[in-house]
Amino acid sequence: MSFTLHGIPISGGVAIGRAYLITRAALDVIYYLVEPNCIEAEVTRFIAAQQSVYNELVMLHSELPADTPGEIDAFLNVQILILVDEMLVEAVIELIRVRGYNAEWALTEQLERLSKHFDNINDEYLRTRKTDLEQIIERILQALVASTTDDIMTNSVQHNADKMIVVAHDIAPSDILKFKAQKFLGFVTDLGGCTSHTAIVARSLGIPATVGVQQASSLIQQNDMIIVDGDRGVVIVDPTPLVLEEYTCRQSEQWFAQHKLQRLKFLPARTICGTKINLLANIEMPDDACAALDAGAVGIGLFRTEFLFMNPIGELPQEEQQFNSYRRVVQTMNGWPVTIRTIDIGADKLIDSTNGLEIASHSALGLRAIRWSLSKPQIFLAQLRPILRASAFGPVRILIPMLAHALEIDQTLNLIAQAKRQLDDAGLAFDPNVRIGAMIEIPAAVIALPLFLKRLDFLSIGTNDLIQYTLAIDRTDNTVTHLYDPLHPGVLQLISMILRETKQAGVPVSVCGEMAGDPALTRLFLGMGLTEFSMHPSQLLLVKKEVLRARLKSLRKPVEDVLASYEPQEIRAALDRLLKV
Ligand code: PEP
Ligand code: MG
């Protein structure tokens, strides 16, 4: 039966494919689709793991001392019975054979199914057997992990990912990174706000995505045919032939428009009146620098380095590893500036606690970003040194997230000076004049901007957090997404203040939040005097198209009207006029 779900559009375009449901447990294990010729080997791998757990339990049972309480004997017996039950073994083998899931995925999928059965059982005793089931599956998973080799991964190419749309309750930004290597068609999640980092990273995959589609992961079944309309935030499950045809046509139109846009790639971004506008890219991983160049970016305006620290191995990258990553981006950009933001963890971006570090705060107001770095000076220095060393290979700018206090700026500058001295002592090269800038994303920083203008070389406006903190809206919470309004007069006034004051002080400024990549806002920013934008590569040509059509003089009056308005309807009306000039 066809039905439609609604959510928050976060990455445009249309995806048509089969639903690929991902459970929380599945995200914690390795999952992939097995090549048809490797299916029987995967079944054998599963049976070997199941057999080794069986041997272990039987051995434990046989070694029980004579005076062991009867409950323990019964407990082991129940676990052995579950382990050999066909509801577990046969069903998992079938999932591997029919769906092509790897053993870990098949096991977690079957756990989900059986858990539902257990939840519906009336008998209290039987219901608590669910814990035994979970423990058994955990044991088999551990046995599988122990048996996993690189060989298995390389033989098991995700051959079907290009026909699948991921559906999940929620996905952490670090988990989305795991999908970068796979060609999924689209994303749907139950939770998430429009500028949550999950949304930002999903957008960076360049595939249609909709978040905040409540109940999607319970209403959509594995393998259902679905359409994701990433422009409208709509998910159509089991579409009728007519709807399918309509969306297939829309998809072709979008591909055609995308193709046309490519012609702008080599054109310099200049307004009709000849003002040069710098369009730079935001990246999360070193490999993204190629996409930035491909889109015609004239530099990296924001390298979110925290994603390097969320590696799947659960270890902090060593200094040398970090240096290689930063240098790689600098060399790929081949002379264009690279703005490397120091680690901005906390809130919805958390480092795995297995790193052995005190993790940053879950709260957007807690110990996160520069606050966290300053509380861990040795880790901070171990990031500053490789960033500085990368500056010997091309222009690098260091960007500090979430600064608010003069003391934080001063402490940061002192640590950068210390890192430079350490490199000097070690005889390692770096650019002594590397520029240092601040993200302006806290309203207090805007109001006290002279503190920043006096101490730093450049500023970058992080509109995502600036909106979050100005409007007191948690950017990850889909229940308040409707209040997350980039056009709130409070937000527009703050941005305009920053642009005015930086111009007077002669300090370069850019916008690197998601607003910079919204072509509907390009004219507004141009009219406010912005000349540097940084955005996800997929938005760059759309924004360039707006730049090429703009005449700055004619934007001034309508932009003044936008800024003079406080009523939402008046702001919208002034913005409409701006789009028509
Ligand atoms: C921002 O806050 O606007 C920004 C660019 O940083 P992030 O989205 O990583 O918090
Ligand atoms: Mg931010």
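I will try to describe carefully the structure that is included in this document. Everything quoted here is computed from the prediction, not taken from an experiment. (Residues numbered from 1 in each chain as written. Chains lettered and ligands numbered in written order. Predicted model: local features only at pLDDT ≥ 70, side-chain atom pairs only at ≥ 80, totals over all residues. Heavy atoms only, no water.)

Description of the pairing of strand β10 (residues 300–304)
Across the 5 residues of β10, 5 count as buried, placing the element largely inside the fold. As judged from the 3 bridges shared by strand β9 (residues 278–283) and β10, these two strands associate in the parallel manner. Residue pairing in the sheet places N282 in a bridge with L302 of β10. Between the parallel elements β9 and β10, the chain passes through helix α13 (residues 288–294) in a crossover that is right-handed. (Buried < 20%, exposed > 50% of the residue type's maximum accessible area, 1.4 Å probe, protein only. Helix = DSSP H or I, 4+ residues; strand = E, 2+ residues; numbered from the N terminus. Pairing = 2+ DSSP bridges. Right-handed = clockwise from strand over helix to strand, strands pointing away.)

A closer look at the coordination of the magnesium ion (ligand 2)
For the magnesium ion (ligand 2), the full set of protein donor atoms is E441 (OE) and D465 (OD), and the range of their distances to it is 2.0 to 2.3 Å. Of this pair, E441 sits in the loop between β13 (435–440) and α18 (443–447) while D465 is found in helix α20 (residues 463–471), placing the two residues 24 residues apart along the sequence. On the accessibility criterion, E441 (2% relative accessible area) is buried. Owing to a relative accessible area of 3%, D465 belongs among the buried residues under this scheme. (Donors = N, O, S within 2.8 Å, 3.2 Å for Na, K, Ca; no water.)

Here's the deal with the side chain of S115
Tracing the backbone through its elements, the reader meets S115 in helix α5 (residues 103–120). Polar side-chain contacts of S115 include one of 2.7 Å to the backbone oxygen of L111. (Polar contact = N/O pair within 3.5 Å; in protein donor to acceptor, adjacent residues only side chain to side chain.)

Brief notes about the sheet that holds strand β3 (residues 14–22)
Strand pairing in a sheet relies on backbone hydrogen bonds. The paired strands run either parallel or antiparallel. Strand order in the open sheet made by the 8 strands is β1-β8-β7-β3-β4-β5-β6-β2, with mixed pairing throughout. Lying at the two open borders of the sheet, with one neighbouring strand each, are β1 (3–6) and β2 (8–11). Between one strand and the next, the sheet's axes are offset by a mean angle of 30°, whatever the strand orientation. Here 4 bridges tie strand β7 (residues 225–229) to strand β8 (residues 234–237), and the two strands are oriented antiparallel to one another. The residue of β8 that forms the bridge with I226 is V237. (Axes fitted to C-alpha atoms, helices over the stretch in contact; angles between N-to-C directions.)

A short note on the site of ligand 1
If you check the shell around ligand 1, you find 16 residues, and the closest are R304, R341, G462, N464 and R475. Within the side chain of R341, a nitrogen or oxygen atom sits 2.8 Å from an oxygen atom of ligand 1. Contacts to ligand 1 include N464, whose backbone N or O atom sits 2.8 Å from an oxygen atom. Compared with its free state, where it exposes 290 Å², ligand 1 has 100% of that area covered by protein. When residues of the shell around ligand 1 are traced back to their parent elements, those giving at least two are α10 (197–204), β10 and α20. Among the elements that make up the shell around ligand 1, the one with the highest residue count is α20 (3 residues). In the shell around ligand 1, the residues fall into 4 nonpolar, 5 polar and 7 charged. (Near = heavy atom within 4 Å. Areas by Shrake-Rupley, 256 points an atom, 1.4 Å probe, with all protein chains shown as cover. Nonpolar A, V, L, I, M, F, W, Y, C, P; charged D, E, K, R; others polar.)

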